[in-house]
Amino acid sequence: MKWRKAPGKPGIIALAVALSACVAYLIAARLFRPPKLPYHASFLADNASEWTAYGGSWQLQNGTMVNLSDERGAKLITGSSSW
């Protein structure tokens, strides 16, 4: 059996498929957008809650994060796990 569309009318199925594909693309583009780099953190708000310290003694001073220890390899890390 061959499918035929009515003369002068757009194929409603083709239109629905095209619209669904566009919506799926827009959703995927929004959900799987890569993070913006370089990452910039503002410590002026005295908020370092998103940061994880591995060693060292970290303190906010005048909007800057400072390591007050001499511990070798100390680091302060943040960011997306997908980086």
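Residues numbered from 1 in each chain as written. Predicted model: local features only at pLDDT ≥ 70, side-chain atom pairs only at ≥ 80, totals over all residues. Heavy atoms only, no water.

S.K.: Just to check I follow, could you spell out the overall build of the protein chain for this structure?
M.R.: Each helix and strand in the protein chain was counted, giving one helix and four strands. Helices and strands in the protein chain line up, N terminus first, as α-β-β-β-β. Out of the 83 residues belonging to the protein chain, those deemed buried represent 5%. Nonlocal contacts in the protein chain, meaning residues at least 24 apart in sequence, comprise 19% of its contacts between residues at least 6 apart. Just so you have it, the protein chain exposes about 7600 Å², and 60% of that area is on carbon and sulfur atoms. (Helix = DSSP H or I, 4+ residues; strand = E, 2+ residues; numbered from the N terminus. Buried < 20%, exposed > 50% of the residue type's maximum accessible area, 1.4 Å probe, protein only. Contact = heavy atoms within 4.5 Å. Areas by Shrake-Rupley, 256 points an atom, 1.4 Å probe, with all protein chains shown as cover.)

S.K.: Please explain a nonpolar patch on the surface as it appears in this structure.
M.R.: Nonpolar side chains collect at one region of the surface, where Ile 12, Ile 13, Leu 15 and Val 17 lie side by side and expose about 450 Å² of accessible area between them. Inspection of the secondary structure puts Val 17 in helix α1 (residues 12-31). Accessibility expressed as a relative area gives 53% for Val 17, which makes it exposed. (Patch = residues over 30% accessible without salt bridge, like charges linked within 9 Å, V, L, I, M, F, W, Y side chains within 5 Å. Salt bridge = Lys/Arg side-chain N within 4 Å of Asp/Glu carboxyl O.)

S.K.: What should I look at first to understand the confidence of the model for the protein chain in this one?
M.R.: Predicted coordinates in areas of low pLDDT are best not read in detail. Put simply, the protein chain has an average pLDDT of 78, and 66% of its residues get 70 or more. For the protein chain, per-element mean pLDDT is lowest for α1, which scores 76, and highest for strand β1 (residues 52-54), which scores 92. (pLDDT = per-residue confidence, 0-100.)

S.K.: Just checking my understanding: could you explain unusual backbone geometry for this structure?
M.R.: Backbone geometry follows two general trends: most residues other than glycine have a negative phi, and most peptide bonds adopt the trans configuration. Of note in this structure, Asn 62 is not a glycine but carries a positive phi near 55°. Among the residues examined, Asn 62 registers a relative accessible area of 79% and is labelled exposed.

S.K.: Explain the pairing of strand β2 (residues 58-61) to me, please; I cannot follow it from the model alone.
M.R.: Moving residue by residue along a regular strand, the side chains alternate between the two faces of the sheet. Alignment of β2 against strand β3 (residues 64-67), held across four bridges, turns out to be antiparallel. Note on β3: the bridge partner recorded for Gln 59 is Val 66. From the end of β2 to the start of β3, which pair antiparallel, there are two residues, and Asn 62 there has a positive phi angle of about 55°. (Pairing = 2+ DSSP bridges.)

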